[in-house]
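# Inside the fold
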Amino acid sequence: MTDRGVSVILPTYNEAGNIVALVRAVGDAIPPDWDYEILVVDDNSPDGTFAAVQSACAGDPHVVALLRTEDRGFAKSIRAGIERAKFDRVVIMDSDFTHDPVEIPRLMHIGEIYDIVSGSRFCAGGRMEDVAHYLTSMIYNWVLRLVLRTQVQDNLGGFFTARRSALLKLPLDEIFYGYGDYYFRLLHYAQWKRMTIVEIPAAYMLRTAGKSKSNPLRMIMNYSIAAIRLRAAISRESRD
Ligand SMILES: Nc1nc2c(ncn2[C@@H]2O[C@H](COP(=O)(O)OP(=O)(O)OP(=O)(O)O)[C@@H](O)[C@H]2O)c(=O)[nH]1
Ligand SMILES: [Mg+2]
């Protein structure tokens, strides 16, 4: 038995084609000397994602499926997973195989030293199979770096590890709403609370099954509004 444990949080919406294989791949990737739980946080997906996990993983003590029917949304599901996690080490990742479970041990290893370890597409060695998405994200990250005056290269990645106890000290209501924009808010407030952040290279893969939920134009619009709001909050903080 080990005293080290990790909770891997998988937010899902219509991932019935991915989730069971992903849960298995995550389980296989956890270092053998670590205890773990896999928390699938499903927002009542119409495609039966929750039921698929329930039936495939019934009796597996490592897998917990949470069904959310109210106040749904990507960022809020991640918050629910963090709040519900039983271990202090948490790993957050997408559930469509874009974030590759084989990277988890590396994140956890560096997590012994840094408060937040972010799997980044834009540091040396990072990449993304979807070239159009890679280029759009790269350009958009340049804009974010200018607006937010941050040195973080990948502000939209969302594949990371941290200590739950440290995350819960952040202003959660200011961070966990919306979509991928929650991630640059999280990184900002973490720095504001003097948490240390490091980016390590990660390869973001193509989604293996199912469809993307994101609409690129709407995302750019919403993220831009979110970035301007965060910039205004940063200016207020530095005046106070
Ligand atoms: N719980 C929950 N999960 C969501 C919601 N929307 C998306 N997700 C999950 O969040 C992750 C990212 O969503 P994707 O649709 O892959 O969006 P994306 O990664 O921004 O876009 P692509 O790169 O095109 O896949 C996936 O694991 C989704 O299943 C939601 O409203 N609630
Ligand atoms: Mg995706």
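Residues numbered from 1 in each chain as written. Chains lettered and ligands numbered in written order. Predicted model: local features only at pLDDT ≥ 70, side-chain atom pairs only at ≥ 80, totals over all residues.

Before going further, it helps to examine the site of ligand 1. Taken together, 21 residues sit near ligand 1, with Tyr13, Ser77, Ser95, Ser212 and Lys213 positioned nearest. Partitioning the shell around ligand 1 into residue classes produces four nonpolar, nine polar and eight charged. (Near = placed C-beta within 6 Å. Nonpolar A, V, L, I, M, F, W, Y, C, P; charged D, E, K, R; others polar.)

This part takes up the packing of helix α1 (residues 19–29) against helix α2 (residues 49–57). Two numbers describe how α1 lies on α2: the axes approach to 9 Å, and their chain directions differ by 50°. By the angle between their axes, α1 is oblique relative to α2. You can see that α1 and α2 cross each other, and the crossing is right-handed. Across the interface between the two elements, Ile19, Val20 and Val23 of α1 pack against Thr49, Ala52, Val53, Ala56 and Cys57 of α2. Classifying every residue of the contact of α1 with α2 by side-chain character gives seven nonpolar, one polar and no charged. (Axes fitted to C-alpha atoms, helices over the stretch in contact; angles between N-to-C directions. Helix = DSSP H or I, 4+ residues; strand = E, 2+ residues; numbered from the N terminus. Parallel < 35°, antiparallel > 145°, perpendicular 65-115°, else oblique. Left-handed = near helix turned anticlockwise from the far one by under 90°. Contact = placed C-beta atoms within 7 Å.)

This brings us to the packing of helix α8 (residues 181–192) against helix α9 (residues 216–239). Put simply, α8 and α9 touch, their axes get as near as 9 Å, and they point 15° apart. Accordingly, the angle class assigned to the pair α8 and α9 is roughly parallel. Two packed elements cross with a definite hand, and for α8 against α9 that hand is right-handed. Here α8 contributes Asp181, Phe184, Arg185, His188 and Trp192 to the contact with α9, which in turn contributes Asn222, Tyr223, Ala226, Ala227, Leu230, Ile234 and Glu237. Per-class residue counts for the contact of α8 with α9 are seven nonpolar, two polar and three charged.

Next up on the list: the pairing of strand β5 (residues 116–120). Residues in a regular strand project their side chains so that they alternate between the two faces of the sheet. For β5, a buried count of five out of five residues is recorded, marking the element as mostly surrounded by other parts of the structure. Judged from the three bridges that link them, β5 and strand β7 (residues 160–163) form a sheet pairing that is antiparallel. What sits directly across from Ser118, in β7, is Phe160. Summarising the sheet, β5 and strand β8 (residues 197–201) pair through five bridges and their orientation is parallel. Its bridge partner lying in β8, Ser118 is registered against Glu199. (Buried ≥ 20, exposed ≤ 12 C-beta atoms within 10 Å, placed from the backbone. Pairing = 2+ DSSP bridges.)

Turning our eyes to something else, we now look at the environment of Ile220. Within the element layout of this structure, Ile220 appears in helix α9. The exposure class assigned to Ile220 is partly exposed, which follows from the 13 C-beta atoms found within 10 Å. Through-space distance from the C-alpha of Ile220 to that of Val64 is 33 Å; in sequence the pair is 156 residues apart.

Attention now goes to the nonpolar core. Counting 58 residues, the largest nonpolar core has Ile9 and Val91 as its most contacted members. Residue contributions to this core peak at seven residues, all from α8. In contact with Val91, not counting residues within four places along its chain, are Val6, Val8, Ile9, Ile104, Leu107, Met108 and Thr161. (Core = buried A, V, L, I, M, F, W, Y, C linked by C-beta atoms within 7 Å.)

The next subject is α9. Between its first and last C-alpha atoms α9 spans 34 Å; for 24 residues at 1.5 Å apiece the expected length is 34 Å, and the two agree. Along α9, the positions that sit buried rather than exposed are Tyr223, Ala227 and Leu230. Against α5 (131–148) and α8 lie the buried residues of α9. (Expected span 1.5 Å × (residues − 1).)

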